[in-house]
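# Reading the structure
Chain by chain, the residues:
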Amino acid sequence: MDSKQNAADSGSKRSTSRRDFLKLAGAGFLGALATTTLGMGVMETADGRKVEVWALSSGAIVHDPNRCVGCRRCEAACTVRNDGKGSAFISRIKVSRNLQYGKLGVSAAYAKANGQMGNFLVVADTCRQCSHPACGMACPVGAITADPTTGARVVDVDRCVSCGACQDACPWGIATLDPETKVSTKCMLCDGDPNCTKNCPTGAIKFYPWEEAEALLFGTDATSGATAVSGASA
Amino acid sequence: MTNTFGYTGKILRVDLTTGKIWTDDTMKYKDFIGGEGMSMKIMWDEVPAGTHPFSPENKIIFGSGPLCGTGVPCSGRTNITSLLPSNPDHSVSSSHMGGYFSVEMKYAGWDLIVVEGKSAKPVWLRIEDDKVWLEDGRWVWGKGMFDAMAMISSQMGKEAQIAMIGPAGENQLNLSVIRTGASHSAGGHGGVMGSKNLKAIAIKGTGSVKVAARPEELMALDKYMMTIIGANNQHVVPRFPHPWAEYTASGSRWTAKKGLYWGAANPPVETGECYPEDMQSVGLRTHKGFQDLGAVAEKYTVSMGGCAHCPIRCHSQVRIPQLEERYGIDPNVSNTCVGYSGPNGIMFKGTPDLPGQEKGEQSMISKTLGSHLADDYGVWCNYGQMGRDLNWTYTHGILKKVLPADEYASISWDLLEKGDPAFLIDFYDRVANKKGELWHIADGSYWIDKRWNLGEEYWAYDKNKLWSKLGYPVHHANESQSQVGALVSCFSNRDAQNHSHSNFGAAGVPLELLKQVAAEEFGTPDAIDGPMDYTPMNQGKANFVKWALTRTMLHNSLTLCNWMWPMAFSPLKSRNYRGDTALEAKFYSLVTGIPMTKEDLDRAATRTFTLFRALTIRSMGTADMRNKHDQTTSWVITATKDKNGKEIPQFTKGTDRMTQEDMEKGRGLVYKAFGWDEKTGAPTKATLEALGMPEVAAELAAKGLLPA
Ligand code: SF4
Ligand code: SF4
Ligand code: SF4
């Protein structure tokens, strides 16, 4: 499977590296990049299909439920830095909603399930900076693009039309419309200086370069997020 | 409503009698800062003296402060203020809980929640941002808190934060709690919610708390604060040697070390060396399983827990399979300090390990079982007093006398005698469900004495640890910073719940350094004594007392955790271990945009503490606080004896006892420091007016409660 086809299959976990992307862009494909500087573009393949190609993110943050003490300092750090206010709902790392009863919510077996009302395991949701980001691909106005420096999928707040398409599309429940500003929020890796990781008092969140992040987030022995839930509550 | 930073600007008001729900403006109370301060003002304005705590006219106020919700370290606690049922005069008092409730209040848009009246049938209050309504409470009434919280969460959503009472609160026990989350209890006011037929308040907030300063400014101050913070109780010196540490302190809660793990984590997490400059290990410094449950608990420890936006994590979260194997209860238990030792105090005959058990295993089982039961039923231990009261009344044959013979015979005293924790299961069921006569053990010491006639020797016995005839025990009193702890403990209507002075004294640095910092803060190194090596009262100690009382009031108003704040010391040798006692003001100014110096905030806290004093005067109907309120029990001012029965005179090495004369001098100096009348300890008209409370002066004058 070559990278061109791969790029068209948004479900695939493999992705186009930044180097490959630049090669693609420079190879004189039919069609042109919409905006090369934004690290993504729409191309036409030889057989005439339009495909979106995204430069990979430089990496992603990964959360370790085993070290997490549920303090939510990451959430406050995220929104104070990026929004000038404290909030859990629009934090781009989601701890609060899974804190007490885990990702799956209250069950009859809550006392043994994830969360502080159960086995104490706190599993956060984090943005995976997906190689083919559902949020960005769903956005009807192209307001979500890859940051040219970090590769993070970032929202251009001036272009965001508050439709919530990204929120509906994100499989991890990260993209969130701020109820106060009506603008989409999602992890932008803090311009390369993730504030949540610095403020975690147990070292439970770390930034990993893409290959490692991909393995941790999507690999068979993933330790974070959705994959950890079934393993942990088994 | 004006646009506000820090504050949401709104107070939620609920009248359960009429079902009316309305909004009030926070900023009209801003001189009282927030949380406890604003609650005191509302109690003064709206709840007349002589109101019974369980009557519909009483109000219960859930308070957060302007720093809560902004990520300021240790800013997650909730202040609860109401009339206190266990107090003889039903004076106003506050209880406090950690967790995430107040942050959710703020994110839903509410600084305070004031509940009054009484619902005709059980209800719970549902808050989803600005949508607020009452839900039928029939299905959750009578249920233990763990299940009832799950029921409400399944209805409302897993992210709801809930403050709830258990059967003990429903049954209006004086000693009952309001709890939130897995392990955060506020003792004393559960029955007030019960009397209102209010099972719970549940909140979901999707909003925010806005910060006035630029994000970089607050982030920079936060980072600075994180270099000053220590371990639990702001202990800045570790217990065990570390390559970086100049000192160690045997009582320190900085218990992390190489080879000490959260043993039940998968894989185990090592607490390690925790260099003070390393912000990513602050949450590992305090191994509370090891601290509270003993070395045996290491391998049962899953992780630590605590409150919103606090990096310290003072609750241990443990998994004890024995609880399920033996008693059929959930193995996952979380709590802290007296949350474990209080319920375990019921097992006053001890809990010796059984053959085949590890050292300390039975005690760990007893503590976790007791904590789970107390948390589910919602019984308050009165800061450990319930166990001592049971001990006294059992051992002195009082229970045998006052309990009907068949009730007495039906209690499994043999389990207690053997040290079998199963005794707790029967005990909490009887008490929480008001069975027979035994449940009156949860009336609180003053009322137990009235009912069962315990007599003077009960109050005078030092091991009963009763501090005041108002019925509350020692909570960092004479054993903690000499007269400072002793006097701090004389001004409250329940256990003093003051850690400003105890954290200061227990910071862990050598006495010489403590004295230097005391000189900087209180004007003289003599404000501090060495342990069990006390000197007579002096002005520096009076300044220290005032500082401790007002700082704690300030923290409960901002809301910051007084189990951590103030930041008087730091773990940094490079700072010569100095902390920063202006940090509260720096955070307040940045968050709210209202510039305040340390002195400004101290003055605001003095105002609030003086109002609290006025409330106590009004409920007691006397201005003579010195004689009617501020006295201790007799053991405090009686010399102890050494091993050979020889008296150890006060103010010599080896005793922490006080004298009446010295305490009276101390009271006078503290009254004076507050600008109160030195004879009675009541605020004067001039002081009340200077603090901007002429209406308080006028009402006290009209009632004849101003000092001459
Ligand atoms: S990296 Fe930055 S934007 Fe992303 S979750 Fe962390 S703090 Fe928020
Ligand atoms: S917001 Fe969701 S879809 Fe978008 S990059 Fe992050 S995880 Fe992927
Ligand atoms: S800051 Fe770290 S420990 Fe705290 S909730 Fe976030 S990930 Fe968990």
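### Focus: the overall build of chain B
Across its full length, chain B holds 27 helices and 22 strands. Taking 2.2 N^0.38 as the reference for a compact globule, 708 residues should give roughly 27 Å; the C-alpha atoms of chain B span a radius of gyration of 24 Å, in line with that estimate. Projected onto its principal axes, the C-alpha positions of chain B cover 65 × 65 × 55 Å. In chain B, which comprises 708 residues, the proportion classed as buried is 68%.

### Observations concerning the domain arrangement of chain B
Residues and elements named next belong to chain B. With domains assigned, chain B is organised as domain 1 (10-204), domain 2 (318-464) and domain 3 (483-565 + 597-702). Counting from both sides, the interface comprises seven residues of domain 2 and, opposite them, six residues of domain 3. Buried surface at the junction of domain 2 and domain 3, both sides included, amounts to about 520 Å², of which 55% is carbon and sulfur. Contact with domain 3 buries area across many residues of domain 2, yet Trp380, Trp459 and Asp462 alone supply 62% of it, more than any other trio. There are one salt bridge connecting domain 2 and domain 3. Seen at the junction of domain 2 and domain 3, the total is one residue pair in polar contact (both at pLDDT 80 or more).

### A few points about the site of ligand 2
Of all residues adjacent to ligand 2, which total 13 residues, the nearest are A:Cys127, A:Cys130, A:Cys135, A:Cys170 and A:Trp172. Class assignment of the residues belonging to the shell around ligand 2 gives a composition of 10 nonpolar, one polar and two charged.

### Some points on the side chain of B:Ser303
With respect to the helices and strands, the residue B:Ser303 is situated in strand β16 (residues 301-305). Engagement of the side chain of B:Ser303 in a polar contact is seen with the side chain of B:Gln317, the distance being 2.8 Å. If sequence neighbours within four positions are ignored, B:Ser303 has contacts with A:Phe120, B:Trp262, B:His315, B:Ser316 and B:Gln317.

Calculation criteria
Within every chain, residues take consecutive numbers counted from 1 along the sequence as written. Going through the entries in the order they are written, you letter the chains from A and number the ligands from 1. Only residues with pLDDT of at least 70 get local features here, since the model is predicted, and only at 80 or more are side-chain atom pairs given and counted; chain-wide, interface and lining totals rely on the full set of residues. By convention in this description, side-chain values take in all heavy atoms of the structure and omit both hydrogens and water. Strands are runs of DSSP state E lasting at least 2 residues, helices are runs of H or I lasting at least 4, and numbering of each runs from the N terminus. Radius of gyration: over C-alpha atoms. The globule rule applied is 2.2 Å multiplied by the number of residues raised to the 0.38 power. Here's how the labels work: a residue is buried when its accessible area is under 20% of the maximum for its type, exposed when over 50%, partly exposed in between, all with a 1.4 Å probe on protein chains only. Segment limits for the domains were obtained from an automatic or database-derived domain assignment. Only heavy atoms enter the contact rule, under which two residues are in contact if any of them lie within 4.5 Å. Summed over both partners, the accessible surface that disappears when two parts come together, traced with a 1.4 Å probe, is what is meant by buried area. A side-chain nitrogen of Lys or Arg and a carboxyl oxygen of Asp or Glu constitute a salt bridge if their distance falls within 4 Å. Distance and chemistry together define a polar contact, namely a pair of N or O atoms within 3.5 Å, with one atom able to donate a hydrogen and the other to accept it when in protein, and with adjacent residues in sequence counting only for side-chain atoms on both sides. Any residue with a heavy atom lying within 4 Å of a molecule or strand is counted as near it. Residue polarity is assigned by list, with Asp, Glu, Lys and Arg as charged and Ala, Val, Leu, Ile, Met, Phe, Trp, Tyr, Cys and Pro as nonpolar; anything else, Gly included, falls into the polar class.

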